[in-house]
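Residue-level listing of the chains:
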Amino acid sequence: YFFGPDGFVALSDAAAPEGASVAATLRSRKGTCVTLAIIYIAAARRVGLDARAVSTPDHIFVRVHLPLGPHNAELTEAGEELPDDIYRRRYHIHADSIATGIFLRDLTDDALLAHLLVNQGVALSQAGNREDALARYDRALRMAPQLQAAWYNRGLDEMNLGRLDGALASSA
C-alpha cells in the first residue's frame, strides 16, 4: 500500500518543494528519503513495529527491528530490502565510520528531524533565503550537534552572505 498505485513516490531532489515537509509529502504523495522515512516510521510504529531511520552520507533509509533480525527498507526503491553491505558500497562508507557510529546506526527521532531541517535549509538557501536557511541549520544543530551536513551548509550560507568569520566558525 505504501508504494502501490496510489502510494508514495520518491523524489531524487532533497530540496524539492513537494517533499520539503511531511505535510507537503502527504499532500503530493511525493517525498524525499527523509520525509518518506518519517511517514513510514510513524506508520510502522502505529502497528507496533520498532522502526528507526538510518543514515549514510547523503541518504536516509529505514531499519525495522523484527524478532528474526533487522530488515532495511529502501524507500527510494519502493521499499526494497537492501542489506547494509549494499549501502556500504553504494555510499563508500569506511569501516571506521561505522565502528564509531557515524553511519549505518539507528538515529534518534531528533536526529531524523534534524536531517529534515537541513533539507529545508538547503531548499531555502537555493531560493535565496539564506537567513531563514541559517535558522533551520541552527535548529538542526540544537537537535543533533554532530550533524555534519548542518555544519557544512551553514558554513556555505555564511560564506555566501559574506560573513567569513561565521563560515570559519561553522567549519571548525
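For the structure, check the block above.
Here the structure is a predicted model, which means the values were calculated and not measured.

**What to know about the packing of helix H5 (residues 109-126) against helix H6 (residues 130-143)**
Part 1 of the reasoning: Two elements in contact, H5 and H6, have axes whose closest approach is 8 Å; the angle formed by their N-to-C orientations is 170 degrees. By the angle between their axes, H5 is roughly antiparallel relative to H6. Within the contact between the two elements, H5 uses Asp110, Leu113, Ala114, Leu117, Val118, Gln120, Gly121, Val122, Leu124 and Ser125 and H6 uses Arg130, Asp132, Ala133, Arg136, Tyr137, Arg139, Ala140 and Met143.
Part 2 of the reasoning: Across the contact of H5 with H6, the residue classes tally to 10 nonpolar, three polar and five charged.

**Points about the pairing of strand S3 (residues 50-56)**
Part 1 of the reasoning: Buried residues dominate S3, accounting for five of its seven residues.
Part 2 of the reasoning: Judged from the seven bridges that link them, S3 and strand S4 (residues 59-66) form a sheet pairing that is antiparallel. Each bridged residue has a counterpart across the sheet, and for Thr56 the counterpart in S4 is His59.
Part 3 of the reasoning: Between S3 and S4, which follow one another and run antiparallel, lie two residues, and Asp58 among them has a positive phi close to 70 degrees.

**Some points on H5**
Quick reminder: α-helices carry 3.6 residues per turn. Residues three or four places apart thus point the same way.
Part 1 of the reasoning: Taking 1.5 Å as the rise per residue, H5 with 18 residues should run 26 Å; its terminal C-alpha atoms sit 26 Å apart, in good agreement.
Part 2 of the reasoning: Directly beyond the C-terminal end of H5, a positive phi value near 90 degrees is found at Gly128.

**Structural notes on the pattern of salt bridges**
Part 1 of the reasoning: Summed over the entire model, instances satisfying the criterion amount to 12 salt bridges.
Part 2 of the reasoning: One salt bridge in this structure joins Asp109 and Arg45, with 2.9 Å as the shortest N-O distance. With Asp109 in helix H5 and Arg45 in helix H2 (residues 33-46), this residue pair connects regions lying 64 residues apart in the sequence.
Part 3 of the reasoning: Judged by its relative accessible area of 38%, Asp109 is partly exposed.
Part 4 of the reasoning: Residue Asp84 pairs with Arg63 through a salt bridge whose shortest N-O separation is 2.9 Å. Remark: Arg63 occurs in strand S4 and Asp84 occurs in helix H3 (residues 84-90); sequence separation between them is 21 residues.
Part 5 of the reasoning: When salt bridges with common partners are traced through the structure, they connect Glu131, Asp138, Arg154, Glu158 and Arg163 into a single cluster.

**Some thoughts on unusual backbone geometry**
Part 1 of the reasoning: Positive phi outside glycine occurs at Arg29, with the angle close to 65 degrees.
Part 2 of the reasoning: In this structure, Arg29 sits in the loop between helix H1 (22-28) and strand S2 (30-31).
Part 3 of the reasoning: Taking the relative accessible area as the measure of exposure, Arg29 reaches 24% and is therefore partly exposed.
Part 4 of the reasoning: A positive phi angle, close to 55 degrees, is found at Ala78, a residue other than glycine.
Part 5 of the reasoning: Mapping Ala78 onto the fold places it in the loop between strand S5 (69-74) and strand S6 (80-81).
Part 6 of the reasoning: Owing to a relative accessible area of 55%, Ala78 belongs among the exposed residues under this scheme.

**Things to note about the pairing of S5**
Part 1 of the reasoning: Bridge count between S4 and S5: five bridges; the pairing is antiparallel. Residue Leu66 lies in a different strand from S5, and its bridge partner there is Gly69.
Part 2 of the reasoning: As consecutive antiparallel partners, S4 and S5 are separated by two residues.
Part 3 of the reasoning: With two bridges joining them, S5 and S6 adopt antiparallel strand pairing. The residue bridging Glu74 from the neighbouring strand is Glu80, located in S6.
Part 4 of the reasoning: Hairpin connection from S5 to S6: five residues lie between these consecutive antiparallel strands, with Ala78 at a positive phi of about 55 degrees.

Calculation criteria
- Residues numbered from 1 in each chain as written.
- Predicted model: local features only at pLDDT ≥ 70, side-chain atom pairs only at ≥ 80, totals over all residues.
- Heavy atoms only, no water.
- Axes fitted to C-alpha atoms, helices over the stretch in contact; angles between N-to-C directions.
- Helix = DSSP H or I, 4+ residues; strand = E, 2+ residues; numbered from the N terminus.
- Parallel < 35°, antiparallel > 145°, perpendicular 65-115°, else oblique.
- Contact = heavy atoms within 4.5 Å.
- Nonpolar A, V, L, I, M, F, W, Y, C, P; charged D, E, K, R; others polar.
- Buried < 20%, exposed > 50% of the residue type's maximum accessible area, 1.4 Å probe, protein only.
- Pairing = 2+ DSSP bridges.
- Expected span 1.5 Å × (residues − 1).
- Salt bridge = Lys/Arg side-chain N within 4 Å of Asp/Glu carboxyl O.

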